[in-house]
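Survey of secondary and tertiary structure
Listed below are the residues making up each chain.
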Amino acid sequence: MRTTEPLSPRTLRGRQRPVPHLGVPVTLEMDVPFYDVDGLGVVWHGNYLKYFDVCRTALLRAHNLEVAGLCALNYRMMVIEAHCRYIYPLRYADRFSVTGYFTEIQNRIRIGFLAWNLTHDRRTAKAHTTLVTLDGDGTMLWETPKSIRDRILA
């Protein structure tokens, strides 16, 4: 089941069209800590991946697919791709949100992210990560198991 309803008015402000997604998205709000900025006072580009990882973990946890849930099913997941487009900088103490949502689940799991600078009311980045499922022995599966897909769509 694919839906094209907006994820969150706050994070999608200014978008021309809704983002297609599967399951229930998760939005987290955070403040930029001092230790994440570089000498110019902006968030170092690699820290965005950390923010997306925190959101991905919350999204998987919301669908009972965190490490314990996956291990109970005798599966693991591995990130095979990460992509980020930087749009507007985050700076020290800016308040921002990150929304994570599933966009693909059949053969691999692709999670999209939208980061929104709440302090300046601007989209700051959009990204995605791609994960594959591994069985208990570490063999990559060519299709996402039904038990995992069912948890995402529930």
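The structure we're discussing is the one just above.
A short tour of the structure in this document, coming up. (Residues numbered from 1 in each chain as written. Predicted model: local features only at pLDDT ≥ 70, side-chain atom pairs only at ≥ 80, totals over all residues. Heavy atoms only, no water.)

1. Structural notes on the side chain of Thr124
- For Thr124, the location among the structural elements is in strand E5 (residues 122–135).
- Judged by its relative accessible area of 0%, Thr124 is buried.
- Setting aside its immediate chain neighbours within four residues, Thr124 contacts Tyr48, Arg85, Tyr86, Ile87, Tyr88, Pro89, Leu90, Ala115, Trp116 and Asn117. (Helix = DSSP H or I, 4+ residues; strand = E, 2+ residues; numbered from the N terminus. Buried < 20%, exposed > 50% of the residue type's maximum accessible area, 1.4 Å probe, protein only. Contact = heavy atoms within 4.5 Å.)

2. Thoughts on the sheet that holds E5
- Taken in spatial order, the 5 strands of this open sheet run E1-E3-E4-E5-E2, and their pairing is antiparallel. Edge positions in the open sheet fall to strand E1 (22–31) and strand E2 (75–86), since each of these has one partner strand only. Across the sheet, the mean angle separating the axes of adjacent strands is 20° when strand polarity is ignored. (Pairing = 2+ DSSP bridges. Axes fitted to C-alpha atoms, helices over the stretch in contact; angles between N-to-C directions.)

3. Considering the nonpolar core
- Tyr51, Phe52, Val98, Phe102, Ile109 and Ile148 are the most contacted members of the largest nonpolar core, which totals 32 residues.
- Those elements that place two or more of their residues in this core are E1, helix H2 (46–62), E2, strand E3 (95–104), strand E4 (109–117), E5 and helix H4 (146–153).
- Element by element, the count of residues in this core is highest for H2, at 7 residues.
- Beyond its immediate stretch of four places on either side in the chain, Ile109 contacts Met77, Phe102, Glu104, Thr129, Thr130, Leu131, Thr144, Ile148 and Ile152. (Core = buried A, V, L, I, M, F, W, Y, C linked by side-chain atoms within 4.5 Å.)

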